[in-house]
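For reference, the chains in residue letters:
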Amino acid sequence: MTKTKLHPSVEKFKEFVKQNPQIIKEVRAGNTTWQELYEDWYLLGEEDSRWDSFKENKEEAQKPEEKKSDWVGSIMGTLKQMDANQMQGFISNLSQALSAVQGAISQFQGGGQKPSGGSKSSVSKPSSPFTFKKD
């Protein structure tokens, strides 16, 4: 079979697509067509912001370890900048809030713990918070 010579711009577009394989996935998923992509590439060029989403995906696929170490580094930097006394105050406030939520939940679950002491309460608690009376 004879191989037909493609237009130089089509050859350049094919090279661009080979460098950005995410474009192929977009076409196969039915999100766009080759014609639309070629027209955008021809009119806008390779450096347009239209192609950033395809280029970012390529960079993410190539350097996942770098992003992970960058994430750990940013957390460590944040921890170094925190004031220990301020963090203790935040933790104390969080602990008090969780205690209040636990107390509210235990009240809705039928009391949870019974009050300590020798005297029994004279009021009996219903088994359900919603009591219905029959007519």
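Structural data are supplied above this passage.
Residues numbered from 1 in each chain as written. Predicted model: local features only at pLDDT ≥ 70, side-chain atom pairs only at ≥ 80, totals over all residues. Heavy atoms only, no water.

Notes on the overall build of the protein
Okay, step 1: Per the secondary structure count, the protein includes six helices and zero strands.
Okay, step 2: Reading the helices (α) and strands (β) of the protein from amino to carboxyl end gives α-α-α-α-α-α.
Okay, step 3: Each of the 135 residues in the protein was classed as buried or not, and the buried ones make up 9%.
Okay, step 4: Accessible area of the protein: about 12300 Å², with a carbon and sulfur share of 54%. (Helix = DSSP H or I, 4+ residues; strand = E, 2+ residues; numbered from the N terminus. Buried < 20%, exposed > 50% of the residue type's maximum accessible area, 1.4 Å probe, protein only. Areas by Shrake-Rupley, 256 points an atom, 1.4 Å probe, with all protein chains shown as cover.)

Things to note about helix α1 (residues 8-19)
Okay, step 1: Helix length check: α1 (12 residues) gives 17 Å between terminal C-alpha atoms against 16 Å at 1.5 Å per residue, within 8%.
Okay, step 2: Taken together, the buried positions of α1 are S9, F13, F16 and V17. End-on view of α1: buried residues confined to an arc of 100°, all on one side of the axis. α1 presents P8 and K18 as exposed residues on the side facing more than 90 degrees away from its buried surface. (Expected span 1.5 Å × (residues − 1). Arc of directions from axis to C-beta.)

Describing the nonpolar core
Okay, step 1: F13, F16, V17, I23, V27, L37, W41, W51 and F54 together form the largest nonpolar core, which totals nine residues.
Okay, step 2: The set of elements that each furnish at least two residues to this core consists of α1, α2 (22-28) and α3 (34-44).
Okay, step 3: At three residues, the largest contribution of residues to this core is made by α1.
Okay, step 4: Once residues within four sequence positions are removed from consideration, F16 is found in contact with I23, W41, E46, W51 and K55. (Core = buried A, V, L, I, M, F, W, Y, C linked by side-chain atoms within 4.5 Å. Contact = heavy atoms within 4.5 Å.)

Details of the pattern of salt bridges
Okay, step 1: Evaluated as defined, the whole model comprises one salt bridge.
Okay, step 2: Close ionic contact of E15 with K18 constitutes a salt bridge, the shortest N to O distance being 3.9 Å. Placement of both E15 and K18 in helix α1 is noted, with a separation of three residues, approximately one turn of the helix.
Okay, step 3: Given the relative accessible area of 60%, K18 is considered exposed. (Salt bridge = Lys/Arg side-chain N within 4 Å of Asp/Glu carboxyl O.)

Quick look at a nonpolar patch on the surface
Okay, step 1: A cluster of nonpolar side chains, namely W71, V72, I75, M76, L79 and M82, defines an oily patch on the protein surface of about 580 Å² accessible area.
Okay, step 2: Here M76 lies in helix α5 (residues 64-81).
Okay, step 3: Exposure remark for M76: the relative accessible area of 43% places this residue in the partly exposed category. (Patch = residues over 30% accessible without salt bridge, like charges linked within 9 Å, V, L, I, M, F, W, Y side chains within 5 Å.)

Side note on the packing of α1 against α3
Okay, step 1: Contact geometry for α1 and α3: axes closest at 11 Å, N-to-C directions at 105°. By the angle between their directions, the pair α1 and α3 is classed as roughly perpendicular. Residue-level contacts link S9, V10, K12, F13, F16 and V17 of α1 to W34, L37, Y38, W41 and Y42 of α3.
Okay, step 2: Grouping the amino acids of the contact of α1 with α3 by side-chain chemistry returns nine nonpolar, one polar and one charged. (Axes fitted to C-alpha atoms, helices over the stretch in contact; angles between N-to-C directions. Parallel < 35°, antiparallel > 145°, perpendicular 65-115°, else oblique. Nonpolar A, V, L, I, M, F, W, Y, C, P; charged D, E, K, R; others polar.)

Any functional reading would require information beyond the geometric quantities listed.
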